[in-house]
Structure formats: C-alpha cells, structure tokens
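These are the residues of each chain, in order.
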Amino acid sequence: VSLISVLFLTLLLLFSALFPGAFDCCTKISDEIPKGILRRVARFEIQEADGLCHLAAVILHIKGKKFCVNPRNRKVKKILKKMKHKIHRSKSHVRKQRRIRITKQKEQKQ
C-alpha cells in the first residue's frame, strides 16, 4: 500500500468523523412525487443550502429509504404542514391526559 493511499484514507476518515452528515446530503431533488410515497412518510428532515449540503431539499423518510424532494413543491408543503400539525396535536393531548390523571390521583388521596 502506498503512502498516498494511507494518507488519503486517513484524511477521509478524519473528514467523516468531523462532518458526519456530509455524505448524507441530497445531491438531486425530485419535483414530482407519487401520492403513494406521500401517504407513507414516517418523518422528514429539512436540508438547508448552506454548510456542507449545497442544495435545499426536504428529505422524506419511508421505511428505511429516503426521498429528496423540492421544498417549493405544493404537495410537499401541504404534507409538511399536516405532519407538523399531527405532531403538535398529539403532544398536547398526552400532556393534557397526564395532568388529568395527576389531578384525579391528588383528589383521591385527600
């Protein structure tokens, strides 16, 4: 193994340790998204066009796969709004149930 190969591998490992998300950037985005994909989205990430990734994108995660889509797409905006609303609503619902349960327990003790 040549010295250049060892040096290259060392630099590659150092780069991947310092910038773990650098190899997960979307390099291409799709403007067209099949409805079947939108219905199965488990979670999403927003990729900004700064730092290591030079392309703005929304990363849709579906069963271990990821799809990079255009953040300006109307369908994408709609699904993101829907998902944020569901997440917000479910969290507040859990808090409300917990408060009711604690209040009932206190009343029973008195």
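Here, the structure is the one placed above.
What this report covers is the structure whose coordinates are included nearby. (Residues numbered from 1 in each chain as written. Predicted model: local features only at pLDDT ≥ 70, side-chain atom pairs only at ≥ 80, totals over all residues. Heavy atoms only, no water.)

The subject of this paragraph is the sheet that holds strand E2 (residues 57–62). An order of E1-E2-E3 is seen for the three strands of this open sheet, with the pairing classed as antiparallel. Of all the strands in the sheet, the pair left with one neighbour each is strand E1 (43–47) and strand E3 (65–69). Strand-to-strand twist of the sheet, defined as the mean angle between neighbouring strand axes without regard to direction, takes the value 25°. (Pairing = 2+ DSSP bridges. Helix = DSSP H or I, 4+ residues; strand = E, 2+ residues; numbered from the N terminus. Axes fitted to C-alpha atoms, helices over the stretch in contact; angles between N-to-C directions.)

Glancing now at the layout of surface pockets. Taken as a whole, the largest pocket spans an internal volume of roughly 290 Å³. Elements supplying a minimum of two residues to the lining of the largest pocket: helix H2 (35–39) and helix H3 (74–109). The leading source of residues in the lining of the largest pocket is H3, at seven residues. Grouping the amino acids of the lining of the largest pocket by side-chain chemistry returns four nonpolar, no polar and seven charged. (1 Å grid on protein atoms, 1.4 Å probe; cavity = no way out; pocket = protein on both sides within 12 Å on 5 of 7 lines; lining within 4 Å. Points joined across faces, edges and corners; volume = space filled by probe spheres on them. Nonpolar A, V, L, I, M, F, W, Y, C, P; charged D, E, K, R; others polar.)

This next bit is on the pairing of E2. Buried residues dominate E2, accounting for six of its six residues. Side chains Ala57, Ile59 and His61 project from E2 onto one buried face, and the interleaved Val58, Leu60 and Ile62 project onto a second face that is buried too. The pairing of E1 with E2 spans five bridges and is classified as antiparallel. For Phe44, the partnering residue across the bridge sits in E2 and is Leu60. Pairing analysis gives five bridges linking E2 to E3, with the strands arranged antiparallel. For Leu60, the partnering residue across the bridge sits in E3 and is Phe67. (Buried < 20%, exposed > 50% of the residue type's maximum accessible area, 1.4 Å probe, protein only.)

On inspection of all chains with the given rule, the structure shows two disulfides. Here Cys26 connects covalently by a disulfide to Cys68, the sulfurs 1.9 Å from one another. Between Cys26 and Cys68 the sulfur-sulfur dihedral comes to about -70°; the bridge is accordingly left-handed. Placement of the pair is Cys26 in the loop between helix H1 (3–18) and H2 and Cys68 in strand E3, with a sequence separation of 42 residues. Since its relative accessible area comes to 16%, Cys68 is described here as buried. Within the protein, bonded cysteines paired by disulfides and numbered along the sequence follow the pattern 1-3, 2-4. (Disulfide = S-S within 2.5 Å.)

Now for the nonpolar core. Among the nonpolar cores identified, the biggest contains twelve residues, and these are Ile33, Ile37, Leu38, Val41, Val58, Leu60, Ile62, Val69, Val76, Ile79, Leu80 and Met83. Elements represented by at least two residues in this core include exactly H2, E2 and H3. Sorting elements by how many residues they give to this core places H3 first, with four residues. Ignoring anything within four residues of it in the chain, the contact list for Val76 reads Ile33, Val58, Val69 and Asn70. (Core = buried A, V, L, I, M, F, W, Y, C linked by side-chain atoms within 4.5 Å. Contact = heavy atoms within 4.5 Å.)

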